[in-house]
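Spelled out, the chains give:
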Amino acid sequence: MIDTHRHLEQGRECYRRRAWADAHRSFLLADQTTPLGADDLELLAVSAYLLSRDDEFVDVLERAHQAHLTADDEVRAARCAFWAGLSLLLRGQAAQAVGWLARAQRLLEGRDCVEQGYLQLPVTEKHFLEGDVAAAHRVASAAVSIGERFGDADLVACARQLQGRALILQGQVEEGLALLDEAMVAVVAGELSPIVSGLVYCSVIEACQIAYALGRAQEWTSALARWCEQQPEMMAFTTTCLVRRAEIMQLRGAWPDAIEEARRACERSRSLDRRPPASAFYQQAEVHRLRGEFAAAEEAYREASQGGRDPQPGLALLRLAQDRLQAADAAIRRVLSATTGPLDRARLLPAYVEIMLAVGDVQEAATACAELDQISMSFPTDVLAAMASGSRGAVELAQGDAHAALASLRDALKVWQGVDAPYMVARVRVLNGLACRVLGDDDGCALELHAAKTVFQRLGAAPDLARLESLTRSTGSADSHGLTSRELQVLRLVAAGKTNKTIADDLSISEKTVARHVSNIFTKLGLSTRAAATAYAYEHELV
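In every chain, residue numbers begin from 1 and rise along the written sequence. Selection of residues for local features in this predicted model requires a pLDDT of at least 70, selection of side-chain atom pairs for listing and counting requires 80 or more, and totals for whole chains, interfaces and linings are taken over all residues. Where side-chain values are given, they derive from all heavy atoms of the structure, hydrogens and water being excluded.

Participant: Explain the overall build of the protein to me, please; I cannot follow it from the model alone.
Facilitator: Secondary structure elements are defined from DSSP: runs of H or I of at least 4 residues count as helices, runs of E of at least 2 residues count as strands, and each element is numbered from the N terminus. Assigned secondary structure in the protein consists of 30 helices and zero strands. If one aligns the C-alpha atoms of the protein with their principal axes, the spans along those axes are about 95 × 45 × 40 Å. The buried label applies to any residue whose accessible area, calculated with a 1.4 Å probe on protein chains only, is under 20% of its type's maximum; exposed applies above 50%, and partly exposed to all values in between. Burial status across the protein gives 56% buried among its 543 residues. In the form shown here, the protein has an accessible surface area of approximately 23500 Å², with 51% of it arising from carbon and sulfur atoms. All tallies of charge rest on Lys and Arg as positive and Asp and Glu as negative; His and the ends of each chain are not included. Charge positions are represented by NZ for Lys, CZ for Arg, CG for Asp and CD for Glu. Side-chain charges in the protein split into 58 positive and 72 negative, and the spacing between the mean points of these groups amounts to 3 Å. Note on areas: these come from Shrake-Rupley sampling with a 1.4 Å probe, and a residue is covered only by the protein chains present in the view.

Written as structure tokens, this is what we have:
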């Protein structure tokens, strides 16, 4: 015979120890003989949530909701309705979510209670989705005030991090990040309930990444990992943690570990009968692309797309690495034209600049670079500034201004070294080397390119190694005179006596693009005719 009292006490004790599976099992056993009361039903619901039993979470909350109504406690009933609605909202079941939230609102009509503040949280999220950041900040601030007035740490932390996100999107980055940090202090100090702790962790890390505050994102992701490890039975939030860890591992050059963490995220989701997160596939695709595993990258980008994650700019950069320039050009132009938010555009612009330079459209690259500069000034973070500086340096080099390029690249290098991003450091050092070569500093060039090659070899960055070796072979021991690899190709074909139309056919690019390349070659080499370009190519052993 089941000892209901013993199982109930075990359930409560396991809950206090955060042994979620044991708590869940004990509460269910107790419930088999004597239906749980409202308070214990709420504990069972939380245990179910943290075991990723989402449907059960809502079902048990509905029972707790009805139990509170039976006891004439409409405020507690409303809180259960709120959590059921929020859970459904996060899972994309909008109709049911709205129904539960509307029920909570009706139960609280005319009441001055902290639950009124909780109901402002989905309203804030709605304003974010609609792009009304000012309204989101206003509603979140009101929720913070309610939470502080009633001394509810959960509500204060939830609303404060939303308040911080709104400030970031309004360009008040430091002020917004400070609010995110403040919300996280309550999480790390153990002041919040388990579900709210996980939600705030994930939301704050996402906001840090949106703002390119990578140092903070790394710090809070490490804290999230420790929090998850302290609760080995917990399943909720762990998939998000694995994907975030994979992103950081990629940045820091631990590419095999990044792949493994992303795969673990997929396996964890499948074990829960859930579709793996699209972001995990995108992360795998990125590492495969950087390692030159193009078939695997292609498949992972496809999986990410099927899961609802836009595979750009990674897929366009894959096409660039495959030397499918027209496909890369078309893809990156299409996605950038459809993207409006400045921080969303900032995510695409470095790839856009790189691809525009590869196809020879230096003017378009310069225009995009100017936009990225403006965004970095509107949303001041070191990483965003480094992205802008790196792109600017590449454009300045393509324009023949090696001195300016070195100054821009120096700024980018400092930031990437500071956040321990070896691949980005190596990419910048390649550009540094080319700039040194243009200025006649062969020793400086050799040092920079050797340093980059060492990193690429350690990381297994096969495409970058191939480009570096191609660059060296294409110019022998001489320099490239500031020409891109594509411009060198065009120069050789010009020297062979081919017309723009023939060159376009040979390289599978438009005649207009060839004309831009020829114009850039003339500008960089100080030439004015095709005959002079031909003579220059032979004189400097570029053919």
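Participant: Is there a simple way to explain the state of the cysteines in this structure?
Facilitator: Two cysteines whose sulfur atoms are joined by a covalent bond form what is called a disulfide. Cysteine sulfur atoms that pair up within 2.5 Å are treated as a disulfide. Tallying each qualifying case throughout the model produces zero disulfides. No disulfide involves C158; its sulfur sits 12 Å from the nearest other cysteine sulfur, which is in C202. There is no disulfide at C228, and the cysteine sulfur nearest it, in C241, is 4.5 Å away. The exposure class assigned to C228 is buried, which follows from its relative accessible area of 10%.

Participant: Explain the pattern of salt bridges here, please?
Facilitator: Pairing is possible between side chains of opposite charge, provided their charged atoms come close. Salt bridges, as used here, are contacts in which a Lys or Arg side-chain nitrogen is within 4 Å of a carboxyl oxygen on Asp or Glu. Throughout the structure, instances matching the rule amount to 39 salt bridges. Residue E182 is joined to R160 by a salt bridge in which the shortest nitrogen-to-oxygen separation is 3.0 Å. Of this pair, E182 sits in helix 11 (residues 173–188) while R160 is found in helix 10 (residues 153–169), placing the two residues 22 residues apart along the sequence. Through salt bridges with shared partners, a single ionic network connects D329, R333, D361 and R516.

Participant: Just to check I follow, could you spell out helix 16 (residues 278–290) for this structure?
Facilitator: Residues spaced three or four apart along an α-helix point in a common direction, a consequence of the helix completing one turn every 3.6 residues. The terminal C-alpha atoms of helix 16, which comprises 13 residues, lie 19 Å apart, in line with the 18 Å expected from a rise of 1.5 Å per residue. The buried count for helix 16 comes to 12 of 13 residues, which makes it a mostly enclosed element. Those residues of helix 16 not exposed but buried are A278, A280, F281, Y282, Q283, Q284, A285, E286, V287, H288, R289 and L290. A positive backbone phi angle near 80 degrees is found at G292, which sits one or two residues after helix 16. Between the first and last residue of a helix there are one fewer steps than residues, each counted as 1.5 Å, and that sum is the expected span.

Participant: Could you clarify how one ought to interpret the packing of aromatic side chains in this entry?
Facilitator: Both the distance between ring centres and the angle between the ring planes are used here to describe each pair of aromatic rings. When the centres of two rings from Phe, Tyr and Trp lie within 6.5 Å, Trp using its six-membered ring, the rings pair. Their planes under 30 degrees apart give stacked, over 60 give edge-to-face, and anything left gives tilted. The full count for this structure, using the stated rule, is 11 aromatic pairs. Between F82 and W83, the ring centres sit 5.1 Å apart and the planes meet at 70 degrees, which makes this aromatic pair edge-to-face. The residues F82 and W83 share a single accessibility class, namely buried. One aromatic cluster in this structure is built from Y49, F57, Y201, W227 and F237. Criterion for a charge above a ring: Lys NZ or Arg CZ within 6 Å of the ring centre, and within 35 degrees of the ring normal. A cation over a ring is seen here: R103 above W100, with NZ or CZ 5.1 Å from the ring centre. The ring of Y282 has R309 sitting right over it, with the charged end atom 3.6 Å from the ring centre.

Participant: Please clarify how the nonpolar core should be interpreted in this entry.
Facilitator: Nonpolar side chains in soluble globular proteins tend to be buried together. What we call a nonpolar core is a set of buried Ala, Val, Leu, Ile, Met, Phe, Trp, Tyr and Cys residues that are connected through their side-chain atoms within 4.5 Å. Counting residues in hydrophobic clusters, the biggest one holds 136 residues, and the most contacted among them are L50, W83, L121, V200, F237, L384 and W416. Sort the elements by how many residues they give to this core and helix 20 (residues 342–358) lands first, with 11 residues. Contacts: residue pairs with any heavy atoms within 4.5 Å of one another. Once residues lying within four places of it in the same chain are set aside, the contact partners of W83 are F57, L61, Y118, I195, V196 and L199. Counting residues in each nonpolar core, the second largest holds 24 residues, with W255, V287, A405 and C445 among its members.

Participant: Please explain the environment of L272 as it appears in this structure.
Facilitator: Positionally, L272 belongs in the loop between helix 15 (255–271) and helix 16. Other than its neighbours up to four places away in sequence, L272 contacts L51, S52 and M235.

Participant: Sorry if this is basic, but what is going on with the packing of helix 14 (residues 238–251) against helix 15 here?
Facilitator: When two helices pack together, you describe them by how their axes are tilted relative to each other and by the distance separating the axes. In this analysis an axis means a line fitted to C-alpha atoms, helices contributing only their contacting stretch, and an angle means the value between N-to-C directions, from 0 to 180 degrees. Across the interface, helix 14 lies against helix 15 with an axial gap of 8 Å and an inter-helix angle of 165 degrees. In terms of orientation, helix 14 lies roughly antiparallel with respect to helix 15. The element helix 14 and its partner helix 15 pack so that their crossing is left-handed. Touching T238, T239, L242, V243, R245, A246, M249 and Q250 of helix 14 are W255, D257, A258, E261, A262, R264, A265, R268 and S269, all from helix 15. In the contact of helix 14 with helix 15, the residues fall into eight nonpolar, four polar and five charged. With respect to orientation, any angle under 35 degrees is reported as roughly parallel, any angle over 145 as roughly antiparallel, any angle of 65 to 115 as roughly perpendicular, and every other angle as oblique. Each crossing gets its hand from how the near helix is turned against the far one by less than a right angle, where anticlockwise is left-handed and clockwise is right-handed. Note on residue categories: nonpolar means Ala, Val, Leu, Ile, Met, Phe, Trp, Tyr, Cys or Pro, charged means Asp, Glu, Lys or Arg, and polar means any other residue, Gly included.

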